[in-house]
Amino acid sequence: MTSIRSARAWFLSTVVLVGLGGFRPDEGRAGADDAKETPAARAKAAQAAIDAEPVTWDGYVWIDAEQRVRIGTPLSAGQFMIDHARVVAEPLATALRPLASPVVDGDAFAFASALERPEPKAYEGLPHTLVRLRGRVTPSEEGRVRTLAARLVALERLSDSWVRAWRPLFAHEDSPWRASKDGARRTPTRRKAFLSHERAVLEALSRVEAVEDGARATAAKIDPQAVYFSKFRRGIEHDLVRTIAAEAKELGVAVTAPLLAAPPSPWSTLEWIVEAGTKVDFLARAAREWTGDAIDLEVSHYDGTADGTSRWHVVTDLETIRDTWSESGYAFRRRCTIDVRNVK
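Residues numbered from 1 in each chain as written. Predicted model: local features only at pLDDT ≥ 70, side-chain atom pairs only at ≥ 80, totals over all residues. Heavy atoms only, no water.

**Details of the pairing of strand S3 (residues 69-75)**
Now for step 1: For S3, the tally of buried residues reaches 7 of 7 residues, placing the bulk of the element in the interior.
Now for step 2: Residue alternation in S3 divides its side chains into two sets, Val-69, Ile-71, Thr-73 and Leu-75 and Arg-70, Gly-72 and Pro-74, and both sets are buried.
Now for step 3: Bridging between strand S2 (residues 55-63) and S3 involves 4 bridges; their strand directions are antiparallel. Its bridge partner being in S3, Trp-62 is matched across the sheet by Arg-70.
Now for step 4: A loop of 5 residues connects S2 with S3, the two strands running antiparallel in sequence, and Gln-67 in this loop sits at a positive phi of about 65 degrees.
Now for step 5: Sheet topology places S3 next to strand S5 (residues 108-110); 3 bridges connect them, and they run parallel. Counted as the bridge partner of Leu-75 is Ala-110 from S5. (Buried < 20%, exposed > 50% of the residue type's maximum accessible area, 1.4 Å probe, protein only. Helix = DSSP H or I, 4+ residues; strand = E, 2+ residues; numbered from the N terminus. Pairing = 2+ DSSP bridges.)

Right, here's the structure in full:
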């Protein structure tokens, strides 16, 4: 399984598909006695709940060979499973064209592969403008294309100065963040040296002010209700905070207090879903555990087909859960999460 650290898919990342065959999800599981209707009726109700929810897409805008406006997923490193093309419907598609990234064939873009290259090529073709869209999806008949009729919810711009401060994390020969990392070189001595390097990168990132570069005005022109945010940037910095703390603990190295508070890791939040029987309970737990912006807290869970034959891993931020998930949609995803955890 790909780790959250090595393959940071922004907001939403499907990373593993679990086939459950004839396994009955509710049999012998928590809540099995709560539903007396037939499995077919439960499946139909679950699918209806999910279909009724708004869909959130996050990523960069790119134009494919057919001149369709599509959304790609930015990664720190690693790979990403793509099961469908994310196409934006009109009229938003036309409004987003000026924000298109130079990325070609760009369902996903790994910054590590680009930023570990020598300058100046390291900065060629990077996506700098990221968007959050929300609306309704129309799947194609063959299921390979999903078209979103949406509005622009938020926009983020990655400044050149922030990207340049981030690059040393990948350029260093001992970096485990590199796409071409060599684990054999990671002796305790070299790990301790790189820990200081990671801390220096984090400090450099934190010193770079968020430069909007007209992004607020751009967002407002497309949708007056759209906001400017720094989700991707903060997510990368939060990853660094957690990684530095974990590495220092393992190596027995004392580190100074972090420059910013990081939310719990996505993997730790999976248990919140398992333990909270309702969406209301889950939101209450999240509010106790994290007092920062809801969009910064990423929650690990599983989703799946209504008939229970397949389950896949997803990371969804708290803002999306709070604003778009229904109670029945939460219950379905919780059941999927419990299914997979129990199978493992």
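**Observations concerning helix H12 (residues 327-343)**
Now for step 1: Under the 1.5 Å per step criterion, the end-to-end length of H12 is 24 Å for 17 residues, consistent within 8% with the ideal 24 Å.
Now for step 2: Of the positions making up H12, those classed as buried are Gly-329, Tyr-330, Phe-332, Arg-333, Arg-334, Cys-336, Thr-337, Ile-338, Asp-339 and Val-340. (Expected span 1.5 Å × (residues − 1).)

**Remarks on the side chain of Glu-247**
Now for step 1: Among the structural elements, Glu-247 can be located in helix H8 (residues 231-251).
Now for step 2: Taking the relative accessible area as the measure of exposure, Glu-247 reaches 10% and is therefore buried.
Now for step 3: Side-chain polar atoms of Glu-247 contact the side chain of Arg-191, separated by 2.9 Å.
Now for step 4: If we skip the residues at most four places from it in the chain, Glu-247 touches Arg-186, Arg-191 and Leu-195. (Polar contact = N/O pair within 3.5 Å; in protein donor to acceptor, adjacent residues only side chain to side chain. Contact = heavy atoms within 4.5 Å.)

**Focus on the packing of helix H9 (residues 266-275) against helix H10 (residues 279-289)**
Now for step 1: Between H9 and H10, the shortest axis-to-axis distance is 9 Å and the interhelical angle comes to 145 degrees. The handedness of the crossing between H9 and H10 comes out as right-handed. From H9, Trp-272, Ile-273 and Glu-275 reach across to H10, where they touch Phe-282, Arg-285, Ala-286 and Glu-289.
Now for step 2: Considering only residue class, the contact of H9 with H10 consists of 4 nonpolar, no polar and 3 charged. (Axes fitted to C-alpha atoms, helices over the stretch in contact; angles between N-to-C directions. Left-handed = near helix turned anticlockwise from the far one by under 90°. Nonpolar A, V, L, I, M, F, W, Y, C, P; charged D, E, K, R; others polar.)

**Quick word on the nonpolar core**
Now for step 1: Among the nonpolar cores identified, the biggest contains 34 residues, and Trp-162 and Trp-166 are the most heavily contacted of them.
Now for step 2: Mapped onto this core, the elements with two or more residues apiece are S2, helix H3 (111-115), helix H4 (160-166), helix H5 (168-171), helix H6 (188-207) and H8.
Now for step 3: Filtering out sequence-adjacent residues up to four positions away, Trp-166 remains in contact with Ser-76, Phe-111, Leu-115, Val-201, Leu-205, Phe-232 and Ile-236.
Now for step 4: Listed in part, the 18 residues of the second largest apolar core include Leu-96, Val-131, Ala-226 and Tyr-228. (Core = buried A, V, L, I, M, F, W, Y, C linked by side-chain atoms within 4.5 Å.)

**Description of empty space enclosed by the protein**
Now for step 1: Here the structure, examined in full by the defined rule, presents 4 cavities of 30 Å³ or more.
Now for step 2: The computed volume of the largest cavity comes to approximately 60 Å³.
Now for step 3: As for the largest cavity, its lining consists of Glu-156, Arg-157, Leu-158, Ser-159, Trp-162, Glu-209, Ala-210, Val-211, Tyr-228, Ser-230 and Arg-233. (1 Å grid on protein atoms, 1.4 Å probe; cavity = no way out; pocket = protein on both sides within 12 Å on 5 of 7 lines; lining within 4 Å. Points joined across faces, edges and corners; volume = space filled by probe spheres on them.)

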